[in-house]
Amino acid sequence: MTSGHLLQVRRYDMIDENGFIKPDAEETEHPDTSNTVEGYVTPETPPTVQGYSTPSPQPQPARRSNPGRVFLVWGLIIGLLLGSVLGGILGNYVVMSNPGTFPWARTVSTTYPVGTSGSGTTIVTTEEQAIENAVKIASPAVVQINITSVSQNPFGFSSGTQEGLGSGFIITSDGYVLTNNHVVENATKITVMLKDGREFSGQVVGTDATSDVAVVKISGTNLPTVELGDSSTLTVGQKVIAIGNPYGLSQTVTTGVISALERNVQASATETLVGVVQTDAAINPGNSGGPLVDLSGRVVGMNTMIYQDAQGLGFSVSVNTAKKVYDAIIKNGKVTWPALGIQGATLTTSIAQQYNLKVSQGVYIVQITSGSGAQDVGLKVGDVITAIDDKPMTTIDGVLSYIRSRNVGDTVQVVADRNGTTKTFSVILKALG
């Protein structure tokens, strides 16, 4: 080692009056010069601070333990832990109970029937398991409907028989089946086949072309049934499952979401399906009449039609409409739908400008049906309907959907603009057609 890098160790054993350590006399007389450069000596005399002294440490009294404070601290810790656990449980319950409000939740809480007593148990499952459980619940009641009908040539004569098939679902244990009207229309023979392989002869109880719903009866007891849900609670984006027999492939399951609600779709030249459910679940020929179910296995729609030249555009009659048709057929043997008695168009900017209208939203009345409730109260062509029963009406589809939800004989309050003046009309709804 060179002299410039020696480790120096000094011994200090004296403290001056300012509290600084000072070297002993021997080292003061013979300063160390080994750590010098070109004869320069680094002074090592410590600076002095006037009036400063280091107090000697004083003994501290021993602190007494405080049992009350200890209990308080532990109580706070335990309270926080319990609050976290209970808060997590409550939060999980709220999220699982409201999957529409919290779409990021990857689990669902579902009630499944147990036995025949009507009791149930709540099971929290993953979405995949929920789909499997929903299919297990609903599929035993889903049926394949095979029909034979007589075909006719353009001259109205019989040209032989033809076969067709569709789907349906059993809603009562004694054999009432819901399906589409177009599945059983003109059928001369109906065979209903269950998932377990049993076959029954079916009879048409009643049909309704307006809603495309039909009721078929088979003779049986203790048949599997499916629960009917409430389509008014559906939300866009909600997961749904279609079960049916596309192209004769029995018990086919497809999944998708609710794409839109309250659609009015032109089903034929003379019929418009009102308030139907749009879904992207795969629907094909043979699915007609089959159920659209939610993750609890409850029916929320009846699969009815698709757009042939599109993908993911399927439509289902809402289960609330199907229930209304079923109840009317069982009670009266037929269905009568209420009508306001107008033909109208959704108000646009061009229509408003063309007719110099004073409102920008509503339904422009194009024609009044003779003998209708609208004619009875004095509604006129050119009036603009802006509300019914305090519900704003901005489209003709909205008017049709609302009126269809009411019953023949009901009275509705129609608010209309006539040349800038607001008028209210009490219209009694009469039977459609």
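The model shown is predicted, which means the values in this text are computed figures rather than measured ones.

Draft legend 1. Quick peek at the nonpolar core. One finds Ile145, Leu178, Leu194 and Ile241 to be the most contacted residues of the largest nonpolar core, which totals 43 residues. In terms of residue count, helix 5 (residues 319–332) provides more of this core than any other element does, six residues in total. Ignoring any residue separated from it by four or fewer positions in sequence, one finds Leu194 in contact with Val143, Ile170, Phe200, Ile218, Leu223 and Pro224. Counting 20 residues, the second-largest nonpolar core is a separate cluster that includes Ile342, Val363, Ile368 and Ile388.

Draft legend 2. Structural view of the sheet that holds strand 11 (residues 239–244). Sheet architecture is closed into a barrel: six strands sit in the order 11-12-13-16-15-14, paired in antiparallel fashion. Across the sheet, the mean angle separating the axes of adjacent strands is 50° when strand polarity is ignored. Bridge analysis of strand 15 (residues 299–306) against strand 16 (residues 314–318) gives five bridges, and the strand direction is antiparallel. For Ile306, the partnering residue across the bridge sits in strand 16 and is Gly314.

Draft legend 3. Structural context of the side chain of Ser318. Within the secondary structure, Ser318 sits in strand 16. If sequence neighbours within four positions are ignored, Ser318 has contacts with Ser231, Gly275, Val277, Val300 and Gly301.

Draft legend 4. Quick peek at unusual backbone geometry. Phi angles above zero are rare outside glycine, and Asn222 is one such case at about 50°. Along the chain, Asn222 turns up in the loop between strand 10 (213–218) and strand 11. For Asn222, a relative accessible area of 71% translates into the label exposed. The residue Asp389 is not glycine, and still its phi comes out positive at about 50°. Position of Asp389 relative to the elements: it lies in the loop between strand 20 (384–388) and strand 21 (391–392).

Draft legend 5. A look at the pairing of strand 20. Of all five residues making up strand 20, four are buried, and the element is well covered by its neighbours. Two elements, strand 19 (residues 363–368) and strand 20, share two bridges in a ladder whose sense is antiparallel. Paired with Val363 across the strands is Ile385, a residue of strand 20. Relative to strand 22 (residues 411–418), strand 20 runs antiparallel, the two being bridged by four bridges. When the bridges of strand 22 are listed, Val384 appears paired with Asp417. Where strand 20 meets strand 21, two bridges bridge the pair, whose relative direction is antiparallel.

Draft legend 6. Structural context of the confidence of the model for the chain. Here the chain averages 81 in pLDDT, and 75% of its residues register 70 or above. Across residues 25–57 the pLDDT falls below 50, and counting only partners more than four positions away or on other chains, this stretch makes 19 contacts in the model.

Draft legend 7. Here's a closer look at the pattern of salt bridges. Throughout the structure, instances matching the rule amount to six salt bridges. Between Asp294 and Arg298 there is a salt bridge, with the nearest N and O atoms lying 3.6 Å from each other. Here Arg298 falls in the partly exposed class, since its relative accessible area comes to 28%. Two residues, Arg406 and Asp410, come together in a salt bridge whose shortest N-O distance is 3.3 Å. Here the salt bridges share partners, and the residues they tie into one network are Asp389, Arg406 and Asp410.

Draft legend 8. Examining the pairing of strand 10 more closely. Burial analysis of strand 10 places five of its six residues in the buried class, which makes it a mostly covered element. In this sheet, strand 10 lies alongside strand 7 (residues 176–179) in antiparallel orientation, the contact comprising four bridges. Along strand 10, the bridge assignment pairs Val177 with Val216. Pairing geometry for strand 9 (residues 199–208) and strand 10, over six bridges, is antiparallel. Of the residues in strand 10, the one forming a bridge with Val204 is Val216.

Draft legend 9. Representation of the packing of aromatic side chains in the model. The final tally for this structure, using the stated rule, is three aromatic pairs. Taking 6.0 Å as the distance between ring centres and 75° as the angle between the ring planes, the aromatic pair formed by Tyr176 and Tyr326 counts as edge-to-face. A residue pair is termed long-range when its members are at least 10 positions apart, and Tyr176 in strand 7 and Tyr326 in helix 5 qualify at 150 residues. A ring pair is formed by Tyr355 and Tyr364, whose centres lie 4.9 Å apart and whose planes are at 25°; its orientation type is stacked. Classification of Tyr364 by relative accessible area gives buried; the value is 9%. When the ring centre of Tyr176 is taken as reference, the NZ or CZ atom of Lys217 above it lies at 5.3 Å. One Lys or Arg, Arg404, reaches over the ring of Trp337 and ends 5.1 Å from the middle of that ring.

Analysis parameters
Residues numbered from 1 in each chain as written. Predicted model: local features only at pLDDT ≥ 70, side-chain atom pairs only at ≥ 80, totals over all residues. Heavy atoms only, no water. Core = buried A, V, L, I, M, F, W, Y, C linked by side-chain atoms within 4.5 Å. Buried < 20%, exposed > 50% of the residue type's maximum accessible area, 1.4 Å probe, protein only. Helix = DSSP H or I, 4+ residues; strand = E, 2+ residues; numbered from the N terminus. Contact = heavy atoms within 4.5 Å. Pairing = 2+ DSSP bridges. Axes fitted to C-alpha atoms, helices over the stretch in contact; angles between N-to-C directions. pLDDT = per-residue confidence, 0-100. Salt bridge = Lys/Arg side-chain N within 4 Å of Asp/Glu carboxyl O. Phe/Tyr/Trp six-rings, centres within 6.5 Å; stacked < 30°, edge-to-face > 60°. Lys NZ or Arg CZ within 6 Å of the ring centre and 35° of its normal.

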